[in-house]
Amino acid sequence: MRRHACLVSSLLAATLLASGCQSTAIATDGTSHSSASATADVSAGNAPQATPSVAVRQDFSAWVRDFRQAARQQGIEEATLMAAFDPVRYQPRIIELDRSQPEFTRQVWDYLDTAVSPARVSQGQARLAEHRQVIEAASEHYGVPAEVLVAIWGIESNYGSNFGSFSTIDALATLGYDGRRPEFARSELMSALRILQRGDIDREHMRGSWAGAMGHTQFLPSSFEAYARDADGDGRRDIWGSIADVMASTANYLAQAGWRPAEPWGVEVQLPQAFDYSQTELDTQRPSQEWAAQGVRPVRGDNLPTLASASVIAPAGAQGPAFLVGDNFRTIMRYNASTSYALAVALLSERLAGHPGLAAEWPREEPALSRSQVKQLQESLNERGFDVGTPDGVIGPNTRRGLREYQRSLGMIPDGFATLSLLERLQDN
């Protein structure tokens, strides 16, 4: 699972936002490594499938024949190849999802409203109570809080109620044949064959998202091979049916990704009035005491947590909540490379532990910018000498930097938060 989320996100047509970037808007079609993606996957998997042409079916069959030969050369047994590929089908809907580029986005608070909804919190607390023994066993063994494990479970598949209905073999074969990243899909398909051959799961039950992510917490096959664990002792690593295996596998991944048992993920903070918002990037890292010396304070309590390498993020700029986040926040981002996703996991875990919600309010009156509007903003900034690089419709560090320079030239708080009013002002000048 190495870059478990980075690689999943690269397959998905529209991720929460650019990998490693502070997210301010989220794709509305739900094609992310999250519960929204699972919901979309189930509906897509059950939707009527277009019938591929005879030529496509013949070409796909030839591709499968060649892949079977390559798999034989890598030690995949004939019985496994027959089980995997005799019923394999090209899935046009998967290609549609792979190539889709949604135009409309939603603000981070709209995403969090769903990800950390009261229903999600109450359901998570019920699941934690129901499976407390196996969840706490995984937590204690790997040093990852039980609430973080349950939060990932909730966001990835709504606690197992929706982890996708696509055949993993069909999905990866389709993407290997005709997807945007065929080599990656082929590598994952080979991993899937090894999983079948080992006997952890059979083909019929190896199901998940259209992008090949599987089970309750959405492991790619290569991630499964590296990090899945048999915690219930039945000889199989079952992330589809065994909650003990699901929790141990997820905890193992986070532990291997660098989780620090003695540290919190971070904390909601208050920023001083004259705070320099150019520092609100994940690559600006300082000990928490240095942030405290700048006047950064927790919204609850007297002292910041002790974090050796902490960053301040402000997803809505000066208009919304701010957070001091540490290495464990970045570890969550190894699961899905979006700050919005990591923030959802962190905040849901807090609520599952019985802590209150956010103290600061989001600027809910601010409409989300569409991808084309973001591209217009980027083009306008470039035209006025605030270089943001090639316009791509995605807000990342370069766009925020150029936007801060523009805001500073107007005497505004240079927080880099893109709004419709700033776009209109750029276009009017």
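Residues numbered from 1 in each chain as written. Predicted model: local features only at pLDDT ≥ 70, side-chain atom pairs only at ≥ 80, totals over all residues. Heavy atoms only, no water.

Across the sheet, which stays open at both edges, the four strands sit in the order E6-E5-E8-E7 with antiparallel pairing between neighbours. Sheet topology places strand E6 (297-298) and strand E7 (311-313) at the edges, where each strand pairs with a single neighbour. Sheet analysis places strand E5 (residues 266-270) next to E6, joined by two bridges and oriented antiparallel. Residue valine 269 lies in a different strand from E6, and its bridge partner there is proline 298. (Pairing = 2+ DSSP bridges. Helix = DSSP H or I, 4+ residues; strand = E, 2+ residues; numbered from the N terminus.)

Attention now goes to the packing of aromatic side chains. Evaluated as defined, the whole model comprises 18 aromatic pairs. An aromatic cluster of at least three residues, connected via ring pairs, comprises Phe60, Trp63, Phe67, Phe85, Tyr90 and Tyr177. A cation over a ring is seen here: arginine 181 above phenylalanine 184, with NZ or CZ 4.8 Å from the ring centre. (Phe/Tyr/Trp six-rings, centres within 6.5 Å; stacked < 30°, edge-to-face > 60°. Lys NZ or Arg CZ within 6 Å of the ring centre and 35° of its normal.)

Looking now at the packing of helix H8 (residues 132-142) against helix H9 (residues 146-157). As a packed pair, H8 and H9 sit with axes 8 Å apart at the nearest point and diverge in direction by 115°. When you trace H8 past H9, the crossing you get is right-handed. In this structure, H8 uses Ile135, Ala138 and Ser139 to contact H9, whose residues at the interface are Ala146, Leu149 and Val150. Classifying every residue of the contact of H8 with H9 by side-chain character gives five nonpolar, one polar and no charged. (Axes fitted to C-alpha atoms, helices over the stretch in contact; angles between N-to-C directions. Left-handed = near helix turned anticlockwise from the far one by under 90°. Contact = heavy atoms within 4.5 Å. Nonpolar A, V, L, I, M, F, W, Y, C, P; charged D, E, K, R; others polar.)

Most of E5 is tucked away, with four of its five residues classed as buried. Alignment of E5 against strand E8 (residues 322-325), held across four bridges, turns out to be antiparallel. Each bridged residue has a counterpart across the sheet, and for glycine 266 the counterpart in E8 is valine 325. (Buried < 20%, exposed > 50% of the residue type's maximum accessible area, 1.4 Å probe, protein only.)

Our focus in this paragraph is the pairing of E8. Every second residue of E8 is oriented toward a common face, with Ala322 and Leu324 on one face and Phe323 and Val325 on the other, all of them buried. Here E7 pairs with E8 via three bridges, running antiparallel. Bridge pairing in E8 places serine 311 opposite valine 325.

Excluding glycine, a negative phi dihedral is what most residues carry, and trans is how most peptide bonds are arranged. Of note, asparagine 158 is a non-glycine position whose phi angle comes to about 50°, a positive value. Even without being glycine, tyrosine 159 reaches a positive phi, approximately 60°. Note on placement: tyrosine 159 falls in the loop between H9 and strand E3 (166-167).

Counting buried positions along helix H15 (residues 327-335) yields eight of nine residues, so the element is predominantly enclosed. Looking only at H15, the buried set comprises Asp327, Asn328, Phe329, Arg330, Thr331, Ile332, Met333 and Tyr335.

Time to look at the layout of surface pockets. Quantified by volume, the largest pocket comes out at close to 590 Å³. Forming the boundary of the largest pocket are 26 residues, of which Glu268, Leu347, Pro356, Gly357 and Leu358 lie nearest the centre. Only helix H6 (108-115), E5 and helix H16 (339-352) provide two or more residues apiece to the lining of the largest pocket. Here the residues of the lining of the largest pocket are counted per class, giving 15 nonpolar, four polar and seven charged. (1 Å grid on protein atoms, 1.4 Å probe; cavity = no way out; pocket = protein on both sides within 12 Å on 5 of 7 lines; lining within 4 Å. Points joined across faces, edges and corners; volume = space filled by probe spheres on them.)

To continue, consider the nonpolar core. Note that soluble globular proteins tend to have their nonpolar side chains buried in a common cluster. Counting 91 residues, the largest nonpolar core has Phe85, Leu112, Ile169, Leu193, Met206 and Phe329 as its most contacted members. The greatest single-element share of this core, amounting to nine residues, is contributed by H16. Those residues within four positions of phenylalanine 85 in sequence are excluded, and the remaining contacts are Val64, Phe67, Arg68, Ile169, Leu189 and Leu193. Residues Phe275, Tyr277, Leu307 and Leu324 belong to the second largest nonpolar core, which totals 14 residues. (Core = buried A, V, L, I, M, F, W, Y, C linked by side-chain atoms within 4.5 Å.)

Read these as geometric descriptors, not functional statements.
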